[in-house]
Amino acid sequence: MKHTFGSLSALLAGFTLLSASAALQAQTSAPVYNVVQLSASAQQEAVQDWLTVVLTHQAQAADAASVQRQLKEAADNALRHIRPRVQEGELEVSSGGFTVHPRHDREGQIIGWQGSAELLLQGRDVARIAATAGDTPGMAVAQMSFSLSHQARQALEEGIRSQAIARFKATAQQVAKDFGFSGYTLREVAVSEGGQEYAIRPRLMVAADARAAMASAPVPAEPGKTLLQVTVSGSVQLQ
């Protein structure tokens, strides 16, 4: 009899679990009505305030050690010239690429070595960076680009995000009203942020024989613009 009661208890427990599972499944699979998918966006145009200039020095010699020594000397001299002008956020300097590789003839034999060393100038003081890029000895401008600084992007996106959320809420309320409901509850929401650069970025590739002509000339630099946009999307249940 004890074995019979034990089996019956186990059977009842299993039935209870199955019933609870079936009820939960029925609850979760029940159709949801009066749910609307919505999306709202806000955007703002901003002038790019961060300039990045890549300075480069190229060298070649019969052996790799000589090339490396020339590149190091050029980079050290340039840094000594730039450092007195450095100011955090306005003009910052850092090392870029440093490469040394062999030169080959048509038969694949090594006939010499060449390389390049880069320095990066960046910051918000466009005039100071342009002047420094133009008069740094032994270095030529290889590339320049404008972007939006992190501080400016963060400050602008906070305001744009608030506008997008307000538009989403207003749209949800209007949709509820149009369908004959008094309001809504928020079910899920996603906020996406992004920016699009739509001005042509200047890119300069300077030949070796043109470095002397540009040695004391400020680099022409004109910032472009970025379109910042925040999109709020999600679903609401009309009530």
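Description of the structure in this document. (Residues numbered from 1 in each chain as written. Predicted model: local features only at pLDDT ≥ 70, side-chain atom pairs only at ≥ 80, totals over all residues. Heavy atoms only, no water.)

Considerations on the overall build of the protein chain
So, step 1. Broken down by element type, the protein chain carries five helices and seven strands.
So, step 2. Helices and strands in the protein chain line up, N terminus first, as α-β-β-α-β-β-α-β-α-β-α-β.
So, step 3. Counting across all 239 residues of the protein chain, residues that qualify as buried make up 28%.
So, step 4. Sequence-distant contacts in the protein chain: of pairs separated by 6 or more residues, those separated by 24 or more amount to 83%.
So, step 5. Put simply, the protein chain shows about 14600 Å² of open surface, and 55% of that area lies on carbon and sulfur atoms. (Helix = DSSP H or I, 4+ residues; strand = E, 2+ residues; numbered from the N terminus. Buried < 20%, exposed > 50% of the residue type's maximum accessible area, 1.4 Å probe, protein only. Contact = heavy atoms within 4.5 Å. Areas by Shrake-Rupley, 256 points an atom, 1.4 Å probe, with all protein chains shown as cover.)

Observations concerning the nonpolar core
So, step 1. One finds V36, L38, I160, A164, F168, V236 and L238 to be the most contacted residues of the largest nonpolar core, which totals 17 residues.
So, step 2. Of all the secondary structure elements, the ones that give two or more residues to this core are β1 (35-47), α4 (150-178) and β7 (225-238).
So, step 3. It is α4 that provides the largest number of residues to this core, a total of six residues.
So, step 4. If sequence neighbours within four positions are ignored, A164 has contacts with A40, S41, A42, V230 and V232. (Core = buried A, V, L, I, M, F, W, Y, C linked by side-chain atoms within 4.5 Å.)

Focus: the sheet that holds strand β5 (residues 140-147)
So, step 1. Taking strand neighbours across the sheet as the criterion, the four strands line up as β3-β4-β2-β5 in an open arrangement whose pairing is antiparallel. Two strands bound the open sheet, and with one partner strand each, they are β3 (92-104) and β5. Each adjacent strand pair in this sheet contributes to an overall mean axis angle of 20 degrees, direction not counted.
So, step 2. By the bridge criterion, eleven bridges tie β3 to strand β4 (residues 110-123) in an arrangement that is antiparallel. (Pairing = 2+ DSSP bridges. Axes fitted to C-alpha atoms, helices over the stretch in contact; angles between N-to-C directions.)

Some remarks on the environment of H104
So, step 1. Relative to the assigned elements, H104 resides in strand β3.
So, step 2. Not counting residues up to four positions away in its chain, the partners in contact with H104 are Q109, I110 and I111.

Overview of the pattern of salt bridges
So, step 1. Applying the stated criterion to the full structure yields seven salt bridges.
So, step 2. In this structure, the salt-bridge partner of E157 is R153, at a minimum N-O distance of 3.7 Å. With a gap of four residues between them, E157 and R153 both fall in helix α4, about one helical turn apart.
So, step 3. By relative accessible area, which is 10% here, E157 ends up buried. (Salt bridge = Lys/Arg side-chain N within 4 Å of Asp/Glu carboxyl O.)

Some points on a nonpolar patch on the surface
So, step 1. Residues L186, V189 and V191 make up a contiguous nonpolar surface patch of roughly 260 Å² in combined accessible area.
So, step 2. With respect to the helices and strands, the residue V189 is situated in strand β6 (residues 184-197). (Patch = residues over 30% accessible without salt bridge, like charges linked within 9 Å, V, L, I, M, F, W, Y side chains within 5 Å.)

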